[in-house]
Amino acid sequence: MYQIVYYYRETIGSEVIEREDRSEGFRLRRNALHYLLEIVQIDYRENGYGTEQIVGGINCYKSEYAGNGRRKKIEITIKVEKVGQ
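These figures come from a predicted structure and were not determined experimentally.

### What about the packing of aromatic side chains?
Move 1: Per the counting criterion, the structure on display carries two aromatic pairs.
Move 2: Ring centres of Y44 and Y49 lie 5.1 Å apart, and the angle between their planes is 80°; on these two criteria the pair is classed as edge-to-face.
Move 3: When its relative accessible area of 18% is taken as the criterion, Y44 is described as buried.
Move 4: With relative accessibility at 15%, the residue Y49 sits in the buried group.
Move 5: It is R19 that lies over the ring of Y8; its NZ or CZ is 4.1 Å from the centre.

Now the structure itself:
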């Protein structure tokens, strides 16, 4: 069984927020990768993220103005990982 895992990191100045979410489960790794590369990656691109493929997943980047002269940097790594045995 394989699962899509989202590693979220948001940076505003020196403040860093990190979290991890797990979502959809797939029986085959190739089905999970196909879903990730064909559907999820397109959704992130449509929402203004820059994306790049990595082994077993994708990286998504976005930078926004957060006010007070600060920038908000969002980095999301989405990977397909094996669950259990």
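Next comes the rest of the description.
### Thoughts on the nonpolar core
Move 1: In this structure, Y6, V40, Y44, C60, I76, I78 and V80 are the most contacted members of the largest nonpolar core, which totals 17 residues.
Move 2: For this core, the elements supplying multiple residues, two or more each, are β1 (2-12), α1 (29-46), β4 (57-67) and β5 (70-82).
Move 3: Ranked by the residues each element gives to this core, the list is headed by α1, at five residues.
Move 4: Apart from the residues lying within four places of it in its own chain, the contact partners of Y6 are R19, E20, D21, S23, E24, V40, Y44, I76, T77 and I78.

### Observations regarding the side chain of Q3
Move 1: Here Q3 shows up in strand β1.
Move 2: For Q3, a relative accessible area of 19% corresponds to the buried category.
Move 3: A polar side-chain atom of Q3 sits 3.5 Å from a polar atom in the side chain of R22.
Move 4: A polar contact is formed between the side chain of Q3 and the backbone oxygen of S23, at a distance of 3.3 Å.

### Concerning the pattern of salt bridges
Move 1: In this structure the tally under the stated criterion is six salt bridges.
Move 2: Between R9 and E18 there is a salt bridge; the shortest N-O distance is 2.5 Å.
Move 3: Residue R9 is classed as partly exposed on the basis of its relative accessible area, which comes to 32%.
Move 4: Among the residues examined, E18 registers a relative accessible area of 54% and is labelled exposed.
Move 5: Of the charged contacts, one joins E81 and R22 as a salt bridge, the two residues approaching to 3.8 Å between their closest N and O atoms. Here E81 is found in strand β5, whereas its partner R22 is found in strand β2 (residues 15-26), with 59 residues between them in sequence.
Move 6: The class for E81 is partly exposed, based on a relative accessible area of 22%.
Move 7: Overall, the relative accessible area of 46% leaves R22 in the partly exposed class.

How each quantity is defined
- Residues numbered from 1 in each chain as written.
- Predicted model: local features only at pLDDT ≥ 70, side-chain atom pairs only at ≥ 80, totals over all residues.
- Heavy atoms only, no water.
- Phe/Tyr/Trp six-rings, centres within 6.5 Å; stacked < 30°, edge-to-face > 60°.
- Buried < 20%, exposed > 50% of the residue type's maximum accessible area, 1.4 Å probe, protein only.
- Lys NZ or Arg CZ within 6 Å of the ring centre and 35° of its normal.
- Core = buried A, V, L, I, M, F, W, Y, C linked by side-chain atoms within 4.5 Å.
- Helix = DSSP H or I, 4+ residues; strand = E, 2+ residues; numbered from the N terminus.
- Contact = heavy atoms within 4.5 Å.
- Polar contact = N/O pair within 3.5 Å; in protein donor to acceptor, adjacent residues only side chain to side chain.
- Salt bridge = Lys/Arg side-chain N within 4 Å of Asp/Glu carboxyl O.

Functional significance is not addressed by these values, which are geometric in nature.
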